[in-house]
Amino acid sequence: MAKISIDDLKKIKEKTSKNISLRSGDANVKVTVHMGTCGIAAGARDVMSSLMELVSESGRDDIRVVNSGCMGMCSSEPNVTVEIKDQEPIVYQLVDANKMRQIFKQHVLKGEVQTDFALGKI
Amino acid sequence: MRELSLHILDIAENGITAGASCIHVTVKEQRDTNRIMISVRDNGSGIPKEMIETVTDPFVTSRTTRRVGLGLSLFAAAAKRCDGDFAIDSGPEKGTAVTATFTFDHIDRAPVGDMAATITTLIAGNTDIDFVYIHQINENDFSLDTREIKRELDSVPLNEPAVIHHLTELIRKELGELEPKNKET
């Protein structure tokens, strides 16, 4: 069977391992994309792709992106939870790639909660 | 679901919830025999015996946050309406294997969709789980195993944005190469 080529990974490794040694290891921000059936059907994967791009653009290394299941509020999917250290977690609703961009730039990077898109605090 | 790849993401998330440490995703597009087979296999806790018969019933779910469970029901319905088959093999020791087949050129068959996004979403969101992804089109295939990638990357985490970006591009490229070459035109 044809194996996917992993040669280029070596280059990435060399490039990124320098930065990684500088990392403190602790995440200051955790962004959760809720990926139940409801979330996926409503477009959570696009939100996740957009989020990964944003993290990459920002150059920040203290932001963790994780998946989780449905919270039980399927009608408000896709939901995204932003948890900044020592602050209350905020759940956003009906997120799409554009809203994700705004939430990331304003809330994750600047700490301004985007109340227009928020579903509530946990 | 608009894409089969979204079903795959959804079913794989079930395995993650079931505490799996390794998930196999296989897509076999047998276009010459007009079939497409999708299988998602995990080594999680498995489905209890008394539930296995009813698990594709939308009103059966193990979760407690709501009373409906649509993931497997939707996948089974998608296969059924494309003159396909749907099977679940599950046990407490072996985990769960979900297999669905579709008629390739059935008018109701959703496109395979963005497999690269599905796989990298799984990898990025669950770094502690290993994923094996095999995609076959007719006699051509390729495989990706995150255990090998992890070994190669050493100390660099798998969810490093540069790695995820690279993997997405890599899967897209490989899938493009699997496509049969069109000799006409």
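Structure first, text after, so check above.
Everything in this summary refers to the structure shown in the same document. None of these values were measured; they are calculated from a predicted model.

The helix and strand tally for chain B stands at 6 helices and 6 strands. Taking 16 Å as the expected radius of gyration for a compact globule of 185 residues, we find that chain B reaches 17 Å, a close match to that expectation. Oriented by its inertia axes, the alpha-carbon framework of chain B measures out at about 50 × 45 × 25 Å. Expressed as a percentage of its 185 residues, the buried residues of chain B come to 43%. Across chain B, every contact between residues at least 6 apart in sequence was considered, and the portion connecting residues at least 24 apart equals 63%.

All names here are of chain B. For T127, the location among the structural elements is in the loop between α4 (115-125) and β5 (130-137). T127 sits in the partly exposed class, given 15 other C-beta atoms within 10 Å. Spatially, the C-alpha atoms of T127 and K150 are 9.8 Å apart, while their sequence positions differ by 23 residues. In this view, T127 contacts P157, L158 and N159; residues no more than four positions away in its chain are not counted.

Residue and element names in this part refer to chain A. Three or more residues of helix α4 (residues 97-108) are buried, namely M100, I103, F104, H107 and V108. Mapping the buried residues of α4 onto a view down its axis gives an arc of 105°, with all of them on the same face. Turning to α4, the residues buried within the fold contact β2 (29-34), α3 (44-58), β3 (63-68), β4 (80-84) and β5 (90-92).

With that out of the way, let us pick up the packing of helix α1 (residues 4-17) of chain B against helix α3 (residues 71-80) of chain B. Residues and elements named next belong to chain B. Put simply, α1 and α3 touch, their axes get as near as 10 Å, and they point 140° apart. The orientation of α1 with respect to α3, classified from their angle, is oblique. Handedness of the crossing formed by α1 with α3: left-handed. Facing H7, D10, I11 and N14 of α1, the residues of α3 in contact are G71, L74, F75 and A78. Taken together, the residues that form the contact of α1 with α3 break down as 4 nonpolar, 3 polar and 1 charged.

Generally speaking, nonpolar side chains in soluble globular proteins are found buried as a group. Core analysis: the biggest nonpolar cluster contains 77 residues, and A:L51, A:V80 and B:A12 have the highest contact counts within it. Not counting residues within four places of it along the chain, the set of residues in contact with B:A12 comprises B:I23, B:V25, B:V40 and B:L122.

This next bit is on the sheet that holds strand β6 (residues 118-121) of chain A. All names here are of chain A. Strand order in the open sheet formed by 5 strands is β3-β2-β4-β5-β6, and the pairing between neighbours is mixed. Each edge of the open sheet carries a strand with a single partner, namely β3 and β6. Within the sheet, the average angular offset between the axes of one strand and its neighbour, ignoring direction, is 20°. Where β2 and β3 come together, 6 bridges link them in parallel fashion. Bridging from a neighbouring strand, V33 pairs with N67 of β3. Against the sheet, α3 touches β2, β3 and β4, its axis set at about 160° to β2. α4 contacts β2, β3, β4 and β5 of the sheet and is inclined by roughly 10° relative to β4.

So, about the interface of chain A and chain B. With 32 residues of chain A at the interface, the matching set in chain B holds 38 residues. Those elements giving two or more residues to the side of chain A that touches chain B turn out to be β1 (2-3), α1 (7-20), α2 (37-42), α3 and β3 of chain A. In terms of residue count, the dominant contributor to the side of chain A that touches chain B is α1(A) (9 residues). Looking at the side of chain A that touches chain B residue by residue, the class counts come to 18 nonpolar, 8 polar and 6 charged.

Quick look at the pairing of β2(A) now. Where β2(A) meets β4(A), 5 bridges bridge the pair, whose relative direction is antiparallel. Within β4(A), the position partnered with A:V29 by the bridge is A:I84.

Conventions used here
Residues numbered from 1 in each chain as written. Chains lettered and ligands numbered in written order. Predicted model: local features only at pLDDT ≥ 70, side-chain atom pairs only at ≥ 80, totals over all residues. Helix = DSSP H or I, 4+ residues; strand = E, 2+ residues; numbered from the N terminus. Rg over C-alpha atoms; globule rule 2.2 N^0.38 Å. Buried ≥ 20, exposed ≤ 12 C-beta atoms within 10 Å, placed from the backbone. Contact = placed C-beta atoms within 7 Å. Arc of directions from axis to C-beta. Axes fitted to C-alpha atoms, helices over the stretch in contact; angles between N-to-C directions. Parallel < 35°, antiparallel > 145°, perpendicular 65-115°, else oblique. Left-handed = near helix turned anticlockwise from the far one by under 90°. Nonpolar A, V, L, I, M, F, W, Y, C, P; charged D, E, K, R; others polar. Core = buried A, V, L, I, M, F, W, Y, C linked by C-beta atoms within 7 Å. Pairing = 2+ DSSP bridges.

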